[in-house]
Amino acid sequence: MVLQNGREEKSIRDSGLVAALRDPYWRTFLRFVAVTMMYAMVPLLVVGWAINTYYCDFSRASMMNEVRDEVNRHYRGIQVFFQELNSKLQLIAHTHSREYLCDTTNLGQIFELMNRQELTITDLGVIDHNGRHLAYVGPYDLVDKDYSQSHWFREVMEQGLYISDMFLGFRMEPHFIIALTASSNGERWVLRATVNTQAFRSLVENVLIGRTGEVYLVNREGVFQTSPRFSHTIMETAPFDIPPRHEGIKTLIYEGESRDGRKSPRQLMSLAWLDAPPWLLVVKQDLAEALDVVSHANLAVLMFLLLSAVTVLAVSAMMGRHLIKTMQQQDRETAELRCQLSRADTLASLGELSAGLAHEMNHPLAISLTIQERLRSSLPDGPDLVPEIRAQLVGSLSQIEVQLQCCQRITTNLLRFSRRTRPVLEKVYLNRFIMEVIELVEREAWASGVAFFADLEEGLPTIVSDPSQLQQVFLDLFSNAVNAHDGKGYGSVTIQTRSDDEARARGHAIMVRISDTGQGIVKEQPPQNFDPLDATRPNGRKTGLGLSISAIAIKQLGGSLSITSCPGEGTDFAIYFPLSPPPELLDQMARDALSRDKLTC
Amino acid sequence: MRRSRVLLVDDEEIFARNMSKLLMKRGYEVTVVNGGAAAIRALTSQDFDVMVLDLKMPGTDGMGTLRQVKKLGIPVETLILTGHGSIETAIEAVRLGAYDYLTKPCQIEQLVAKIGLAHAGEDYH
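Here the structure is a predicted model, which means the values were calculated and not measured. (Residues numbered from 1 in each chain as written. Chains lettered and ligands numbered in written order. Predicted model: local features only at pLDDT ≥ 70, side-chain atom pairs only at ≥ 80, totals over all residues. Heavy atoms only, no water.)

Q: With reference to specific residues and values, describe the interface of chain B and chain A.
A: By convention, interface size is frequently given as the accessible area that disappears when the constituent parts associate. On the side of chain A, 30 residues touch chain B, which itself brings 36 residues to the contact. Taken together, the two surfaces of chain B and chain A that pack against each other cover about 3200 Å², and 59% of this comes from carbon and sulfur. Counting across the interface, chain B meets chain A through 2 salt bridges. Put simply, Glu-436 of chain A and Arg-95 of chain B hold a salt bridge, and the shortest N to O gap is 2.5 Å. Run the count over chain B and chain A and you get 6 residue pairs in polar contact (both at pLDDT 80 or more). Among the elements of the structure, α1 (13-25), α4 (87-96) and α5 (108-120) of chain B are those that each provide at least two residues to the side of chain B that touches chain A. Here the side of chain B that touches chain A takes 7 residues from α1 of chain B, the largest share from any one element. (Contact = heavy atoms within 4.5 Å. Buried area = accessible area lost by both parts, 1.4 Å probe. Salt bridge = Lys/Arg side-chain N within 4 Å of Asp/Glu carboxyl O. Polar contact = N/O pair within 3.5 Å; in protein donor to acceptor, adjacent residues only side chain to side chain. Helix = DSSP H or I, 4+ residues; strand = E, 2+ residues; numbered from the N terminus.)

As structure tokens, then:
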């Protein structure tokens, strides 16, 4: 059950992850973070690598120099030890005669003088040219011992100076000798000393270099002349090949056995050959310890890079989050704008469709109306047609005519609607504009016995408005004024434009007054609540939809309409226009334009 | 009194045929043509008192025909009768010299009244 629950939880987590990866914002966020990380980290890695490489090289070179200096110091110390000893023995041999030194008392005094400050030699002896030990001061009784067959004796007699390798001898402890020749009365003799190995070995073996460093001497055959710090002891054979003699100090990386016999870590090894005896000074240290500074530098660089990566990740995540929020906000706004524009476009399309539909409908309507007229006029008179059937036919034709006229009104209203879908603002010269519309309705008015009079103020300021809507307003109101004369044989319509105090008092700049001498309008409500839709002519006919549409259009254009009417005497329409359209209309148009611009971009 | 001669210019054949019958029944002498070019040919070959002109037609449209009539100086009063009417086209037509402007569909009596006025040649001013 627990396992099943665990699986379900994992499944839910997985589905959540899949859903998140399908989210375009989440994917954009991840892409942004990844790209930012890449762009930020690649240069950082390159710079880090370059700095690290330079620093490692520099540190390695410095470390090599330090090791070389260290080896050089030890090398000189050992060389000085041998030179001092040699010098002392040379001085004794060349400032004292063999006979003097063969006196054990004298030899003992010199032995004590040599060891006064430090125990340097453990014995001192004089040997004649035949290898016979003439005199000896030391812990053993070696007088009269014959060295003529000894290797060291032959070497010193041949070369004048001899320093032996470490050997056990009959003392059974590692020691070495130094012997040199001198002449007295034409006869060569040898002064020989056994060196205190403790003093000598402490000179080398007490040197400690770090945790893993060691210093030792080894002869040409590979036998340790001092005990290494960690493995092997003096007189044992070294586990590596002895390189041939070379000048100066040689430093190399050595991979050999460890102290416990296993493969040792890489070691830094410096080698220097002594002049005499021909021993090899070896200074070793684990490479890891020697390069400890470099390792620390590497670790520091790694930590720095890790910290940088975490910082970049955090910053890019924060930036990405902000970016995604901004994108979401912009997308929401764009969607809203698109929706608004879509609504506006739909309205415009609907307007265009309405206009097209109305225009196309007009043709069949016109044909139907003419056919209906023809049918009506073709009905035979007299007894050819049964009166009842004739009455039915006349009734049907009248009904067809009524319905066709209804369709005609529908197409007219559709055309009006199509003009109001998208306002366009232009400079309008009202006087000229009004004259154009008067020209249009004047003939029909004249045919009805109605005369038009224009009283237009000269120099009337231009206004910024929608000419299409204004045309419709004036056409409706002028036609309305002409139609108001139904039942009257004659009359007049006077159009007046003014930019006087009356208009300004109402908060507008221009006034257009349309006064007719028609039947007037019966107001069913108080003047302040006048609703054109409810306005009725005295003969009972409604003023029509045109007046209400005009009132709405005037309001939309920032104007106002005031009506004064006296039944039977006429009506006075006063329209007040501002010089510029209202802020609401400008805002609406600006939003529409902005939406279009943004979407176009 | 001489019968008024009316030239009916419309590419809608059914409408033109029915309208011409109605007008003829009311005493008019009606000639029907179906386009602007045919109208110009008819006007240059015989006299008409009134031309009832549609605006939207293939070939030379109504406005083009009216311009040509005025350019040629043909003495005929023109009534625009169109299904594609707008205030702008009405104003333009009146400026070009059309006598009046009617939109389809219209009452036959309305058209007859306009033709009568146009034929009378009375200046309403």
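Q: Can you explain a nonpolar patch on the surface? Please cite residues and give values.
A: Residues and elements named next belong to chain A. Together, Val-35, Met-38, Tyr-39, Val-42 and Val-46 make up an exposed nonpolar region whose accessible area comes to about 490 Å². Assignment of secondary structure puts Val-35 in helix α2 (residues 24-95). For Val-35, a relative accessible area of 36% gives the class partly exposed. (Patch = residues over 30% accessible without salt bridge, like charges linked within 9 Å, V, L, I, M, F, W, Y side chains within 5 Å. Areas by Shrake-Rupley, 256 points an atom, 1.4 Å probe, with all protein chains shown as cover. Buried < 20%, exposed > 50% of the residue type's maximum accessible area, 1.4 Å probe, protein only.)

Q: Pulling in residues and values, what's your account of the confidence of the model for chain A?
A: Where the model shows low pLDDT, its predicted coordinates should not be examined in detail. Overall, the prediction assigns chain A a mean pLDDT of 81, with 87% of residues at 70 or greater. Across residues 524-545 of chain A, where pLDDT falls below 50, the model places 40 contacts with residues more than four positions away in sequence or in other chains. (pLDDT = per-residue confidence, 0-100.)

Q: Please set out the side chain of Asn-431 of chain A residue by residue, giving values where relevant.
A: Residues and elements named next belong to chain A. Tracing the backbone through its elements, the reader meets Asn-431 in helix α10 (residues 430-447). A relative accessible area of 18% places Asn-431 in the buried class. Polar side-chain contacts of Asn-431 include one of 3.0 Å to the side chain of Thr-497. Setting aside its immediate chain neighbours within four residues, Asn-431 contacts Leu-456, Glu-457, Leu-460 and Thr-497.

Q: Give me the lowdown on the pattern of salt bridges, citing residues and values where you can.
A: Considering all chains together, one arrives at 22 salt bridges over all chains under this definition. For Lys-104 of chain B, the salt bridge identified is with Asp-10 of chain B, shortest N-O distance 2.7 Å. Here Lys-104 of chain B, found in the loop between β5 (100-103) and α5, pairs with Asp-10 of chain B, found in the loop between β1 (5-9) and α1; they are 94 residues apart in sequence, far enough to count as distant. Given the relative accessible area of 2%, Lys-104 of chain B is considered buried. One network of salt bridges, with partners in common, ties together Arg-98, Glu-99 and Glu-187 of chain A.

Q: Break down the sheet that holds strand β2 (residues 29-33) of chain B for me, citing the residues and quoting the values.
A: Residue and element names in this part refer to chain B. In space, the 5 strands of this open sheet follow the order β2-β1-β3-β4-β5, with parallel pairing throughout. Each edge of the sheet is formed by a strand with only one pairing partner; in this case those strands are β2 and β5. Averaged over all adjacent pairs, the angle separating strand axes in this sheet is 20°, with direction ignored. Relative to strand β3 (residues 50-53), β1 runs parallel, the two being bridged by 4 bridges. (Pairing = 2+ DSSP bridges. Axes fitted to C-alpha atoms, helices over the stretch in contact; angles between N-to-C directions.)

Q: Give me the sheet that holds strand β14 (residues 510-516) of chain A: which residues, what numbers.
A: All names here are of chain A. Taken in spatial order, the 5 strands make up an open sheet running β11-β13-β14-β16-β15, and their pairing is mixed. At either margin of the open sheet sits one strand with a lone partner, and together these are β11 (450-456) and β15 (560-566). Here the average twist between neighbouring strands, direction ignored, is 10°. Contacts from α10 reach β11, β13 (491-498), β14 and β16 (570-577) within the one sheet, and its direction differs from that of β11 by about 170°.

Q: Describe the pairing of strand β1 (residues 121-128) of chain A, and please don't skip the residues or the numbers.
A: All names here are of chain A. Counting buried residues in β1 gives 7 out of 8 residues, a clear majority hidden from the surface. Both β1 and strand β5 (residues 187-195) contribute to a ladder of 7 bridges, which runs antiparallel. Bridging across to β5, Asp-123 finds its partner in Thr-194. As defined by bridge partners, β1 adjoins strand β2 (residues 133-137) across 4 bridges and the pair is classed as antiparallel. By the bridge assignment, Ile-127 is partnered in β2 with His-133. Here β1 hands over to β2 after 4 residues, with Gly-131 in that stretch at a positive phi of 95°.

Q: Outline unusual backbone geometry, supporting the account with residue identities and numerical values.
A: At the junction of Lys-104 of chain B and Pro-105 of chain B, the peptide bond is cis and its omega measures out at -10° in the coordinates. With respect to the helices and strands, Pro-105 of chain B occurs in the loop between β5 and α5. Positioned with a positive phi, Asp-144 of chain A is a non-glycine residue whose angle comes to about 75°. For Asp-144 of chain A, the position within the fold is in the loop between β2 and α5 (151-159). With a phi close to 80°, Met-235 of chain A is a non-glycine residue in the positive phi region. Relative to the elements of secondary structure, Met-235 of chain A occurs in the loop between β6 (214-218) and β7 (249-254).

Q: Could you give an account of the packing of helix α11 (residues 467-483) of chain A against α4 of chain B, with specific residues and numbers?
A: Packing of α11 of chain A against α4 of chain B leaves a shortest axis separation of 10 Å and a crossing angle of 75°. The angle between α11 of chain A and α4 of chain B places the two elements in the roughly perpendicular class. In this structure, α11 of chain A uses Gln-471, Gln-472 and Leu-475 of chain A to contact α4 of chain B, whose residues at the interface are Ile-87, Glu-88 and Ile-91 of chain B. When grouped by side-chain class, the residues that make up the contact of α11 of chain A with α4 of chain B number 3 nonpolar, 2 polar and 1 charged. (Parallel < 35°, antiparallel > 145°, perpendicular 65-115°, else oblique. Nonpolar A, V, L, I, M, F, W, Y, C, P; charged D, E, K, R; others polar.)

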